[in-house]
Amino acid sequence: MRGSTSSTGRRLGLGVLVVLVLLVAAEVFVGVTGRASFAQDRKPGQALAIVDLVPGPETGPVCPLDKRYVDERPDGLRPDVLAAFQRLRAAAQAQGVRMCVNDGKRSMAQQQREFDNAVRRFGTAELAARYVLPPDKSMHVKGIAVDVQPLASAAWVEHNGRALGWCRRYDNEKWHFEYDSRYVTDGCPALLPSATGS
């Protein structure tokens, strides 16, 4: 009897220690970044996920529609966005349109690598940001954006996605779509010239 009480006490102490370490880590993260984004779909008794830190797949199988692209699973998207994407894909398939997710959810680290590569390619952070935003500004990191390929499928999304909350956002990215439930009633915002707005 005494041994099981001691064992239970140790497990309880270890559990409290783990919770304290996680709380300190979260406080350090918020202190360093100045913010934290949380998943919208809270379930009683479950911790909120810090969406910015959730990685999505960095690659996927070859897109059967155009072998230049991959077809990632839309893992890591915010739960409401994932459900909206599944509705979008089902609506497209009902009209005989197939699509690949060339890019979906990215973690902050994934986005930083993408941005660093773009800086090397374009020469400056300002030019790179026209195509790849830094992690703190990316809708892929927030888990609300997908890049659809091939372009014929992206064109279908541009013409039909608004009814399901999906809008193209940048004039120079025909493949980039963001989800917001308000788009259904309010319509899509005007296209920005690029991710930087210029």
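These lines cover the structure that appears in this document, whether it is placed above or below. As the structure is a computational prediction, the values presented were derived from the model and not from experiment. (Residues numbered from 1 in each chain as written. Predicted model: local features only at pLDDT ≥ 70, side-chain atom pairs only at ≥ 80, totals over all residues. Heavy atoms only, no water.)

### Here's the deal with unusual backbone geometry
Omega for the bond connecting Gln 149 with Pro 150 falls within 30 degrees of zero, at -10 degrees, which places this linkage in the cis form. Turning to its location among the elements, Pro 150 is positioned in the loop between strand 2 (145–149) and helix 5 (151–160). (Helix = DSSP H or I, 4+ residues; strand = E, 2+ residues; numbered from the N terminus.)

### A closer look at the pairing of strand 4 (residues 176–179)
Covered by surrounding structure in strand 4 are His 176 and Glu 178 together with Phe 177 and Tyr 179, the residues of both alternating faces. Pairing of strand 2 with strand 4 involves three bridges; the strand directions are antiparallel. Bridging across to strand 4, Ala 145 finds its partner in Glu 178. With three bridges joining them, strand 3 (residues 166–168) and strand 4 adopt antiparallel strand pairing. (Buried < 20%, exposed > 50% of the residue type's maximum accessible area, 1.4 Å probe, protein only. Pairing = 2+ DSSP bridges.)

### Some points on the environment of Cys 63
Among the secondary structure elements, Cys 63 is positioned in the loop between helix 1 (2–33) and helix 2 (79–94). Using a relative accessible area of 0% as the deciding quantity, one classes Cys 63 as buried. Once residues within four sequence positions are removed from consideration, Cys 63 is found in contact with Tyr 69, Val 70, Asp 71 and Cys 100. (Contact = heavy atoms within 4.5 Å.)

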